[in-house]
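# Structural characterization, general
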Amino acid sequence: MKQLKLHATTGPEARRERVECPECRGVPRYCSLNVCPYFRGLLSREALERKLSSESVFGPSPPTVFVGSYGYPKVRVGPMLSLLDEEHAALAEDTQRWLELGLDKILDIRLSMLYGRRYSPVTAARSQERHVMILQELAMSLKPVDTEVWLEKRPLVRAGFQVRAAPFGPSAPAKRVQIAENPQVPRIVDRVAADTDMKAEASVNKLYTAGLREYDIVRLLSAGLLGTRIERRFVPTEWSITAVDDIIGKSLRKNVKRNVLISDFLFYTASGVHNRVSVALLPLPWMFEVAEFWHRNGVSGPFMDSELPLERDRYPENVGGAYHAVRLPILEHLHKLRRQAAAIAVIEIWPGWIPLGVWRFRELARRALAGEPRRFDDLKELLSHMRESIGRHLDLWVRRSRVLRFYEEQRSLGLWMR
Amino acid sequence: MAFRMRLPSADYFADLVKAISAVVEEGTFTIDGSSMRLTSMDPAHISLVNFELSKSAAEEYSCERPVEMTVSINELYKLLSRARKNESLILEYDDEKKNLTVILANPAASTERSFTLNALETATGKTATPNLTFEARARVNADALKDAIEDASLVSDYTKVTIAPDAVMFSSKGELGTHQTRFIRGGTAVYEIETDKEVSANFSLTYLEKIIKPGKSLADETVIELSTNRPIKLAFPIPSGKLEYLIAPRIE
């Protein structure tokens, strides 16, 4: 079994996912409570002031153990807790329910997350340090846990936006963290976390089959609770999200490749939170391609990555984390249908979107695939419908698509068997 | 025990299984009194492997009745890849228990390691082989062929293979540039060309690469057979056996 790969998030993906806000002109670091429109709906200034002025802050953690990627292998690690109530805390990590909430509400909830960070080498996850043990205990709960954080100084109130993970609110160095109640840990989590001989890949799959939600698995992996002893370390949350999407996707893909082909050309689509995901399934052996378009001062893109039969897996350099995030629900869908198909995902992002993470592709694809598909008899009909539904810019992808080219040009040996 | 075979070199058989795994993840070996054979296509039906190892390759060979043995080729390779240089191999298949025993024996150190591998359900239906005739044939150096394929993959996903009376050529065109390799008749890279006209077809480099890499470690030369816009046949001559592949073309 392979060592998991961790990928830095700099590059084209990071350049595209940027905050476009007239107040801070795309530099969210300069956000301040006074001007940031995203913070306005949040707690009143006085209430926030009161909460943050004391030496320690008390509140429910969803739970969240957040690991930054900057400075790897010495990274920021710490809990996040909600400055709102427990109900909001439970929502703060539940990406599966975010589509219903809408952007404003998600921002409200996320920006009221206080991050108590502490610098730590990633290998400290293996140590028996008190601080680490408390974080790991917190990470193992699947329900919000009341947590208290003692801060070294007054928290900085600005938004921490990222490429793949959701943003957070005020942050400060943490002196001490304490859990104020006994976290309830399901037996399966306890067992997998205690097993230091099981590879991280196997652990992730085991937890997924047991029915855990992806973000729970992401948190466990991030906190260094999965894998063999030597593999265990803090994994930056952004990398962990993609690693989990990739690991689960790969194991589903293995099964999907054994299924029989679908019989029609199918088209699904769903939109929300200024994004749209369209999925086309073709009656061919498993192949996958993502085309990403940004509608911002005209259309930019497509940014494309693909996998063809027998090809070795490589990192989707152009699309980044969105590739694995959208591949997972498609494979889940095919696995459930017990069918095989070639899949094409066209993802579009409109102005108004602010970087809240790759979860929207995963959830929009899920929503699309849950609906009734449009059926077509051949590729030509499918493409003309896609052009109608998506727009003329689709042709930019059609011209460069590796999957379409493969379909049109590659012959099968069956042709010479009749 | 329906089948038992003893081979002098375990790592050679490991290379053979690795070569089969280039195309298929699981496969059915047909074993009878004279040989063990496997013919199988990849799931996308683009390539086919045709493997045969005859009784004469083995030091000991017994097969009571013809059997079909379906195993995971990847898992089998994992076991065989543990083989050391001077180890011999014993394969035993029990068709009642449906398991394959793999024994790695080192006579000098008197050690014996054995693994059993559970067989899989045999998929119904035999793999048919396409009926093909070829207009051109060339014998080329396997190393040179591998280099040509690796060069081509720098610029494109596929390459055009041409056999002309005076040369074997590989040419590719990508978004950013082109590549061409020529093996001219009489040089060291090509041993023999049999054709009276120029024939060519395009093939996926992913498939060519997957097949040529392991094939190269088994044979020094590769026999290429080709017709215009038809499947290509790549054969790696091995002692007391056969290792051939077919790949379907891409047609622009």
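Residues numbered from 1 in each chain as written. Chains lettered and ligands numbered in written order. Predicted model: local features only at pLDDT ≥ 70, side-chain atom pairs only at ≥ 80, totals over all residues. Heavy atoms only, no water.

A separate point is the overall build of chain A. The helix and strand tally for chain A stands at 16 helices and 14 strands. Relative to its 418 residues, chain A shows a buried fraction of 59%. Restricting to contacts in chain A with at least 6 residues of sequence separation, those with at least 24 account for 75%. A total of about 18100 Å² of accessible surface is found on chain A, and carbon and sulfur atoms cover 48% of it. (Helix = DSSP H or I, 4+ residues; strand = E, 2+ residues; numbered from the N terminus. Buried < 20%, exposed > 50% of the residue type's maximum accessible area, 1.4 Å probe, protein only. Contact = heavy atoms within 4.5 Å. Areas by Shrake-Rupley, 256 points an atom, 1.4 Å probe, with all protein chains shown as cover.)

The next subject is the overall build of chain B. A tally of helices and strands in chain B yields four helices and 18 strands. Against the compact-globule benchmark of 18 Å for 252 residues, chain B has a radius of gyration of 20 Å, which places it among compact chains. In terms of principal-axis extent, the alpha carbons of chain B reach across some 55 × 40 × 35 Å. Split into buried and exposed, the 252 residues of chain B put 54% on the buried side. A separation threshold of at least 6 residues defines the contact pool for chain B, and within that pool the share at least 24 residues apart is 66%. Counting every atom, chain B has about 11400 Å² of accessible surface; 45% of that belongs to carbon and sulfur. (Rg over C-alpha atoms; globule rule 2.2 N^0.38 Å.)

Grouped together as the largest cluster of nonpolar side chains are 107 residues, with contacts concentrated most on Leu282(A), Met386(A), Trp397(A), Met5(B), Phe13(B), Phe29(B) and Met36(B). Of all the elements, helix α1 (residues 10–21) of chain B adds the most residues to this core, at seven residues. Setting aside residues no more than four positions away along its own chain, Leu282(A) makes contact with Ile262(A), Phe265(A), Ala341(A), Ala342(A), Ile344(A), Leu379(A), Leu382(A) and Leu404(A). Ala124(A), Val145(A), Leu331(A) and Ile347(A) belong to the second largest nonpolar core, which has 94 residues in total. (Core = buried A, V, L, I, M, F, W, Y, C linked by side-chain atoms within 4.5 Å.)

Residues and elements named next belong to chain A. On the secondary structure map, Ser-203 appears in helix α9 (residues 200–209). For Ser-203, a relative accessible area of 0% puts it in the buried group. Separated by 52 residues in the primary sequence, Ser-203 and Leu-151 place their C-alpha atoms 34 Å from one another.

What follows is about the pairing of strand β3 (residues 74–82) of chain A. All names here are of chain A. For β3, the buried fraction is high: seven of the nine residues fall into the buried class. Looking at chain direction, strand β2 (residues 64–67) and β3 are connected through four bridges and run antiparallel. Each bridged residue has a counterpart across the sheet, and for Val-65 the counterpart in β3 is Pro-79. Where β2 folds back onto β3 in an antiparallel hairpin, the turn is made up of six residues, including Gly-71, whose phi is positive at roughly 85°. (Pairing = 2+ DSSP bridges.)

Let us now look at the environment of Arg250(B). Checked against the element boundaries, Arg250(B) lands in the segment after β18 (241–247). Linking Arg250(B) and Thr188(B), residues 62 residues apart in sequence, is a C-alpha distance of 29 Å. Once you skip the residues sitting within four places of it in the chain, Arg250(B) turns out to touch Arg405(A), Phe406(A), Glu409(A), Gln410(A), Asp157(B), Tyr158(B), Asn202(B) and Ser204(B). Looking at Arg250(B), its side chain comes within polar contact range of the side chain of Glu409(A), at 3.0 Å. (Polar contact = N/O pair within 3.5 Å; in protein donor to acceptor, adjacent residues only side chain to side chain.)

Moving on to the sheet that holds strand β9 (residues 275–282) of chain A. Sheets are built from strands paired through backbone hydrogen bonds, the pairs being either parallel or antiparallel. Residue and element names in this part refer to chain A. The six strands are arranged β11-β10-β13-β9-β8-β14 in an open sheet whose pairing can be described as mixed. Looking at which strands have only one partner, the edges of the open sheet turn out to be β11 (299–307) and β14 (374–376). Each strand axis lies, on average, 15° off the axis of its neighbour in the sheet, ignoring direction. Bridge count between strand β8 (residues 265–272) and β9: seven bridges; the pairing is antiparallel. (Axes fitted to C-alpha atoms, helices over the stretch in contact; angles between N-to-C directions.)

Here we come to the sheet that holds strand β17 (residues 232–235) of chain B. Residues and elements named next belong to chain B. With respect to topology, nine strands assemble into an open sheet ordered β6-β2-β3-β4-β18-β17-β16-β10-β14, the strand pairing being antiparallel. A single partner strand is all that each edge strand has here, and the edge strands are β6 (67–72) and β14 (190–194). Here the average twist between neighbouring strands, direction ignored, is 15°. In this sheet, β18 lies alongside strand β4 (residues 47–54) in antiparallel orientation, the contact comprising seven bridges. If you follow Leu-48 over to β18, its bridge partner there is Leu-246. Against the sheet, α1 engages β2 (26–31), β3 (35–41), β4 and β18, with an angle of about 155° to β4. Its contacts with the sheet place helix α3 (residues 142–152) against β10 (136–141) and β16 (221–226), and it is angled at close to 100° to β10.

Residues and elements named next belong to chain A. For the peptide bond that leads from Pro-62 to Pro-63, omega is 0°, which places it in the cis range. With respect to the helices and strands, Pro-63 occurs in the loop between β1 (56–61) and β2. Pro-73 follows Tyr-72 through a cis peptide bond whose omega is 10°. Mapped onto the elements of the fold, Pro-73 is located in the loop between β2 and β3.

Residues Asp85(A), Glu86(A), Glu87(A) and Glu181(A) make up a contiguous surface patch of negative charge. In this fold, Glu86(A) is placed in helix α4 (residues 86–91). (Patch = residues over 30% accessible without salt bridge, like charges linked within 9 Å, V, L, I, M, F, W, Y side chains within 5 Å. Salt bridge = Lys/Arg side-chain N within 4 Å of Asp/Glu carboxyl O. Lys, Arg positive; Asp, Glu negative; His and termini not counted. Charge placed at Lys NZ, Arg CZ, Asp CG, Glu CD.)

Our next topic: the pattern of salt bridges. If charged atoms from side chains of opposite charge come close, those side chains can pair. All names here are of chain A. Applying the stated criterion across every chain, the model contains 44 salt bridges over all chains. One salt bridge connects Lys-175 with Glu-55, and the closest N-O pair in it is separated by 3.7 Å. Taken together, the positions of Lys-175 in strand β6 (residues 171–179) and Glu-55 in the loop between α3 (45–53) and β1 put the pair 120 residues apart, joining distant regions of the chain. Within this structure, Glu-214, Asp-245, Glu-332, Arg-362, Glu-363 and Arg-366 form a network of salt bridges that share partners.

Residue and element names in this part refer to chain A. For Leu-281, the position within the fold is in strand β9. For Leu-281, a relative accessible area of 0% puts it in the buried group. Spatially, the C-alpha atom of Leu-281 lies 16 Å from that of Asp-305, the residues being 24 residues apart in sequence.

What follows concerns the domain arrangement of chain A. Residues and elements named next belong to chain A. Here the domain parsing of chain A yields domain 1 (1–256) and domain 2 (259–412). Listed by partner, the interface residues are 37 residues for domain 1 and 41 residues for domain 2. The contact between domain 1 and domain 2 buries some 3600 Å² in all, and 60% of this surface belongs to carbon and sulfur atoms. When the shortest N-O distance is used, the salt bridge between Arg-362 and Glu-214 registers 3.6 Å. (Domains from an automatic or database assignment. Buried area = accessible area lost by both parts, 1.4 Å probe.)

This part covers the interface of chain A and chain B. In this assembly, 18 residues from chain A lie in contact with 31 residues from chain B. Here chain A packs against chain B, burying approximately 2200 Å² in sum over the two surfaces, 59% of which is carbon and sulfur. Three residues, Leu310(A), Leu413(A) and Trp416(A), lead the burial of chain A against chain B; their summed loss comes to 37% of the area buried on that side. In this assembly, chain A and chain B are joined by three salt bridges. The tally of links from chain A across to chain B stands at 10 residue pairs in polar contact (both at pLDDT 80 or more).

Let's shift gears to the packing of α9(A) against helix α11 (residues 237–256) of chain A. Residue and element names in this part refer to chain A. Packing of α9 against α11 leaves a shortest axis separation of 10 Å and a crossing angle of 75°. Judged by the inter-axis angle, α9 sits roughly perpendicular to α11. For the pair α9 and α11, the contacting residues are Glu-201, Val-204, Asn-205 and Tyr-208 in the first and Val-244, Ile-247, Ile-248, Ser-251 and Leu-252 in the second. Per-class residue counts for the contact of α9 with α11 are six nonpolar, two polar and one charged. (Parallel < 35°, antiparallel > 145°, perpendicular 65-115°, else oblique. Nonpolar A, V, L, I, M, F, W, Y, C, P; charged D, E, K, R; others polar.)

Attention now goes to the confidence of the model for chain B. Overall, the predicted model of chain B reaches an average pLDDT of 90, with 98% of residues at or above 70. With a pTM of 0.85, the predicted complex shows an ipTM of 0.81. (pLDDT = per-residue confidence, 0-100.)

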